[in-house]
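The residues making up each chain are set out below.
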Amino acid sequence: MVDKNLLDEFNLANLPPEFYQAPYPFYHALRTHEPVKQMLDGSYFLTRYEDIQSVYKNPKLFSSDKQREFKPKYGDSALYEHHTTSLVFNDPPLHTRVRKLIAGALHPKALENLEPGLIQCVDSLLDRMQGKTQVDLIEDYAMHIPIEIIGNLLGVPHAEREPLRGWSLAILGALEPKISPEVFALGNQSVSEFLLYLKDLIARRRAEPGDPEKDVLTRLMQGEAGESLTHQELLHNCIFLLNAGHETTTNLIGNSLYTLLEHPDQKQLLLEHPELINSAVEEFLRFESSNQLGNRISTAPTEIGGVHLPEQTQITLCIGAANRDPERFPAPDRLDIQRTHNRHLAFGSGVHQCVGLNLARMEGRIAIGHFLQRYPAYSLAAPATRGGRARFRGFLNIPCYLNK
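A quick note: this is a predicted structure, and the numbers were derived from the prediction, not measured.

Peer 1: Teacher, can you tell me more about the packing of aromatic side chains here?
Peer 2: For any pair of aromatic rings, geometry is given as the distance between the ring centres together with the angle between the planes. This structure, assessed with the given rule, holds 17 aromatic pairs. Between phenylalanine 19 and phenylalanine 26, the ring centres sit 5.5 Å apart and the planes meet at 65°, which makes this aromatic pair edge-to-face. Phenylalanine 19 sits in the buried class, given a relative accessible area of 3%. For phenylalanine 26, a relative accessible area of 10% puts it in the buried group. Summarising the aromatic geometry, the rings of tyrosine 141 and phenylalanine 371 are spaced 5.5 Å apart at their centres and angled 40° between planes, so their arrangement reads as tilted. Highlighted residues: tyrosine 141 in helix α8 (residues 138–142) and phenylalanine 371 in helix α17 (residues 357–374), separated in sequence by 230 residues. Judged by its relative accessible area of 0%, tyrosine 141 falls in the buried class.

As structure tokens, then:
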């Protein structure tokens, strides 16, 4: 447990090393003693499910627009242009236009069409592991799956996909509460390189359009029902699609397989009852949320949990804490792959709920389920390496034996 006195020093810009390994004791202490915690910079950190859900439900009072927040952090930079143009950090009408176009490309029939290719990708990766004594669950498996799916959705040729993961990690890494000059520089470089690549890809797609029912890039370029994007909006939301679909899904797969190693009873239960995979994925999403933090800014004076917040107050929503709130989830620190009524906030809620949530669920279900079927006796070969991030919780490496 975390000493209550240490909460006075809790600062997202200066987190202790133990937080990155296990943030949940900190979340528990905050939720118990100071659920609406004022930070040193005047912002507030929320840890209760009910409070966070109330913010999600009122997008007019709690804005997702990040121009005011990101200007001091990024200045006039490529990172600032990207993060203030992409879907997730905007309010209507831009958010509405972009979400409508992307959601139209991820309808149930489209996901059904994607499933055979996803299964083929997963099984091919598992085939490559055959005969190996040791593999890395991130580098040899989890990271490749969302790159394949998002690459296919955007029609990125396989020979051109190698830089995508590096660009994504650098751009999202710059969203951490505190970043170094090196992280800032690499993030800007990655946005600039990604933009150059996309301009060329879009020019090729204009010359040879794809099927808008399958090709998200063509769909975004053409628009529908009178909705369209500017060239800059198109570019930055293509970057957003890769980043949102890549990092969080890689973390979902890696976190889930690692968590099962820590909970062998639940691993055995899933092996004996593979039909539990859907509820298991929901529990993995709750128990080790890929995305731990969200942000909003108040547009008028308001009150949360009995605390008055002035207009233009910056708010951090701790999704990871909300998903372990005992007021919402019985025995929240226990992994239970049979948990029912599991209305977690791993995908957010309200108008900004993740547009690709069903795609992520499908990727998790197939990637985790097929891996367990093929290599049920996998075990850690060496300590796993955490990603070292507060916002996105995952691993850089999970070295494993497959049959030892």
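Peer 1: Hey, could you run me through unusual backbone geometry in this one?
Peer 2: Where the residue is not glycine, phi is negative for most of them; where a peptide bond is considered, it is trans in most cases. Looking along the chain, the bond that leaves proline 92 and enters proline 93 is cis, with omega of 10°. By secondary structure assignment, the location of proline 93 is in the loop between α5 (78–83) and α6 (94–105). Non-glycine residue alanine 331 carries a positive phi angle of around 45°. Take alanine 331: it is sitting in the loop between α16 (319–322) and α17. Residues other than glycine seldom take positive phi values, yet histidine 341 does so here, at roughly 50°. Mapped onto the elements of the fold, histidine 341 is located in the loop between α16 and α17. With a relative accessible area of 70%, histidine 341 lands in the exposed category.

Peer 1: What am I meant to see in the packing of helix α15 (residues 277–287) against α17 here?
Peer 2: For the pair α15 and α17, the least separation of the axes is 10 Å and the interaxial angle reads 110°. One element, α15, and the other, α17, form an angle in the roughly perpendicular class. The crossing of α15 and α17 is right-handed. Where α15 abuts α17, its residues Ile277, Asn278, Val281, Glu282 and Phe284 lie against Arg361, Gly364, Arg365, Ile368 and Gly369. Residues that form the contact of α15 with α17 fall into these classes: four nonpolar, three polar and three charged.

Peer 1: It is not clear to me how helix α9 (residues 144–154) should be interpreted in this structure. Could you clarify?
Peer 2: Residues spaced three or four apart along an α-helix point in a common direction, a consequence of the helix completing one turn every 3.6 residues. α9 sits mainly inside the fold: nine of its eleven residues count as buried. Regarding α9, the residues found buried are Ile145, Pro146, Ile147, Glu148, Ile149, Ile150, Gly151, Leu153 and Leu154. Remark: glycine 155 follows α9 within two positions and exhibits a positive phi of approximately 70°.

Peer 1: Could you clarify how one ought to interpret the sheet that holds strand β12 (residues 399–401) in this entry?
Peer 2: Each strand in a sheet pairs with another by means of backbone hydrogen bonds, the pair being arranged parallel or else antiparallel. Read across the open sheet, the three strands follow the order β4-β12-β9; overall the sheet is antiparallel. The open sheet has two free edges, formed respectively by β4 (134–136) and β9 (379–380), since each of these has just one partner strand.

Peer 1: Looking at this structure, how should I read the pairing of strand β5 (residues 293–298)?
Peer 2: Most of β5 sits inside the fold, with six of its six residues counted as buried. Direction of pairing for strand β3 (residues 62–63) relative to β5: antiparallel, over a ladder of two bridges. Counted as the bridge partner of phenylalanine 62 is serine 298 from β5.

Each value, and the rule that gives it
Residues numbered from 1 in each chain as written. Predicted model: local features only at pLDDT ≥ 70, side-chain atom pairs only at ≥ 80, totals over all residues. Heavy atoms only, no water. Phe/Tyr/Trp six-rings, centres within 6.5 Å; stacked < 30°, edge-to-face > 60°. Buried < 20%, exposed > 50% of the residue type's maximum accessible area, 1.4 Å probe, protein only. Helix = DSSP H or I, 4+ residues; strand = E, 2+ residues; numbered from the N terminus. Axes fitted to C-alpha atoms, helices over the stretch in contact; angles between N-to-C directions. Parallel < 35°, antiparallel > 145°, perpendicular 65-115°, else oblique. Left-handed = near helix turned anticlockwise from the far one by under 90°. Contact = heavy atoms within 4.5 Å. Nonpolar A, V, L, I, M, F, W, Y, C, P; charged D, E, K, R; others polar. Pairing = 2+ DSSP bridges.

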